[in-house]
Amino acid sequence: MRHGDRTALVTGGASGIGLEIGRQLADRGLRVLVGARKREAAEEACRTIGPAALPLTLDVTSATSVDEAVREARDLTGGVDILVNNAGVSLDGELRPPYLDEEILRATLDTNLTGAWRVAEAVVPGMVEAGYGRVVNVTSSYGSLSLMDSGRRPAYRISKAALNALTRMLAAELAGTGVLVNAADPGWTRSGMGGPSAPRGPEEGADTPVWLATLPEGDGTTGGLFADRRPLPW
Ligand SMILES: NC(=O)c1ccc[n+]([C@@H]2O[C@H](COP(=O)([O-])OP(=O)(O)OC[C@H]3O[C@@H](n4cnc5c(N)ncnc54)[C@H](OP(=O)(O)O)[C@@H]3O)[C@@H](O)[C@H]2O)c1
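From a predicted model like this one, the values you see are computed outputs, not experimental measurements.

Caption draft 1: Examining the site of the ligand more closely. Contacts to the ligand come from 28 residues, most closely from R37, N86, Y156, T189 and S191. A distance of 3.3 Å is found between an oxygen atom of the ligand and a backbone nitrogen or oxygen belonging to G12. T189 places a polar main-chain atom, nitrogen or oxygen, 2.8 Å from an oxygen atom of the ligand. Alone, the ligand offers 890 Å² of accessible surface; in the complex the protein occludes 86% of this.

Caption draft 2: Inspection of the packing of helix α1 (residues 16–27) against helix α2 (residues 39–49) at higher detail. Between α1 and α2, the least distance of the axes is 10 Å, while the angle of their chain directions is 40°. Taken together, the axes of α1 and α2 are oblique relative to one another. Crossing hand, α1 versus α2: right-handed. Within the contact between the two elements, α1 uses L19, G22, R23 and A26 and α2 uses A45, T48 and I49. Among the residues forming the contact of α1 with α2, the class breakdown is four nonpolar, two polar and one charged.

Caption draft 3: The arrangement of the pairing of strand β3 (residues 53–57) in detail. In this sheet, β3 lies alongside strand β2 (residues 31–36) in parallel orientation, the contact comprising five bridges. When the bridges of β3 are listed, A36 appears paired with T57. Since β2 and β3 lie parallel, the crossover through α2 that links them has a hand, and here it is right-handed.

Caption draft 4: Spotlight on the packing of aromatic side chains. Tallying each qualifying case throughout the model produces two aromatic pairs. Residues Y142 and Y156 carry aromatic rings whose centres are separated by 6.4 Å and whose planes lie at 80° to one another, so their mutual orientation is edge-to-face. Placement of the pair is Y142 in the loop between β5 (133–138) and α5 (154–173) and Y156 in helix α5, with a sequence separation of 14 residues. Seen in terms of ring centroids, W211 and F226 are 5.3 Å apart; in terms of plane orientation they differ by 90°. Their pairing is edge-to-face. Separated by 15 residues along the polypeptide, W211 in helix α6 (residues 202–213) and F226 in strand β7 (residues 225–227) bring together distant segments of the chain.

Caption draft 5: Representation of the pattern of salt bridges in the model. Under the defined criterion, the tally for this structure stands at ten salt bridges. A salt bridge links E72 to R39; its shortest N-O distance comes to 3.2 Å. A residue pair is termed long-range when its members are at least 10 positions apart, and E72 in helix α3 (residues 63–77) and R39 in helix α2 qualify at 33 residues. With relative accessibility at 27%, the residue R39 sits in the partly exposed group. Between D110 and R118 there is a salt bridge whose closest N-O contact spans 2.9 Å. A residue is classified by how much of its surface remains accessible, and D110, at 25% relative accessible area, is partly exposed. Via salt bridges that share partners, R39, E43 and E72 belong to a single interconnected network.

The rules behind these values
- Residues numbered from 1 in each chain as written.
- Predicted model: local features only at pLDDT ≥ 70, side-chain atom pairs only at ≥ 80, totals over all residues.
- Heavy atoms only, no water.
- Near = heavy atom within 4 Å.
- Polar contact = N/O pair within 3.5 Å; in protein donor to acceptor, adjacent residues only side chain to side chain.
- Areas by Shrake-Rupley, 256 points an atom, 1.4 Å probe, with all protein chains shown as cover.
- Axes fitted to C-alpha atoms, helices over the stretch in contact; angles between N-to-C directions.
- Helix = DSSP H or I, 4+ residues; strand = E, 2+ residues; numbered from the N terminus.
- Parallel < 35°, antiparallel > 145°, perpendicular 65-115°, else oblique.
- Left-handed = near helix turned anticlockwise from the far one by under 90°.
- Contact = heavy atoms within 4.5 Å.
- Nonpolar A, V, L, I, M, F, W, Y, C, P; charged D, E, K, R; others polar.
- Pairing = 2+ DSSP bridges.
- Right-handed = clockwise from strand over helix to strand, strands pointing away.
- Phe/Tyr/Trp six-rings, centres within 6.5 Å; stacked < 30°, edge-to-face > 60°.
- Salt bridge = Lys/Arg side-chain N within 4 Å of Asp/Glu carboxyl O.
- Buried < 20%, exposed > 50% of the residue type's maximum accessible area, 1.4 Å probe, protein only.

By themselves, these figures tell us nothing about what the structure is for.
What follows is the structure, encoded as structure tokens:
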């Protein structure tokens, strides 16, 4: 199957790194479902990407929204071959452990961990059935346990460490099915989250997620964490 016959779903695809991931996937000949909470934002993003992009209303914190979006994706394209779990939030204030803001922790996990899991649960069975799939979880070096040298941004970092754990488990469960699951750190990138003074542009931030999303048939790369296309310590 050529790239052009495949469909990629990018969550949080209407802005920042997600929008650029969609653009680069479309450049590689893929059909791209741009998932966004606001329909108009998804539609606007699709206009900038081009005819290969289709809008999808998708709030990853809502099981109903995920179900409806995946049903719509099936109607529009027959299914999702590639999932880029890009949607993410960074909500921490100045509190550091041992101080805990439960509301922030819960909301952060609901998007960054459970949201990615929800969407994977909805699309991975179809990938297994097809014998082909790519799942890319957009994580952060802030989630690397080996780099946990302070209590800064605890909810965000714990959510990404947990997303990394999910990546390992999902990859292990899917070994031999044709579905490859990896985590990608985009690096500090200019976006709503990264701010205007980050050293990287979205093109660079999107590069590793796009590389993992388009691993060729027969490639066995799975269960890994990568930055700049190189392994990053967990
Ligand atoms: N920028 C960096 O320096 C950096 C570094 C490491 C990792 N990352 C990761 O890269 C990913 C993309 O972030 P970004 O830098 O591009 O930030 P961003 O510009 O803030 O984009 C985040 C995207 O996630 C979407 N989103 C948030 N909650 C959602 C929900 N419940 N359902 C669906 N979409 C939701 C946002 O949509 P709305 O417009 O509706 O809010 C937005 O499109 C995130 O996972 C982030 O953790 C970023």
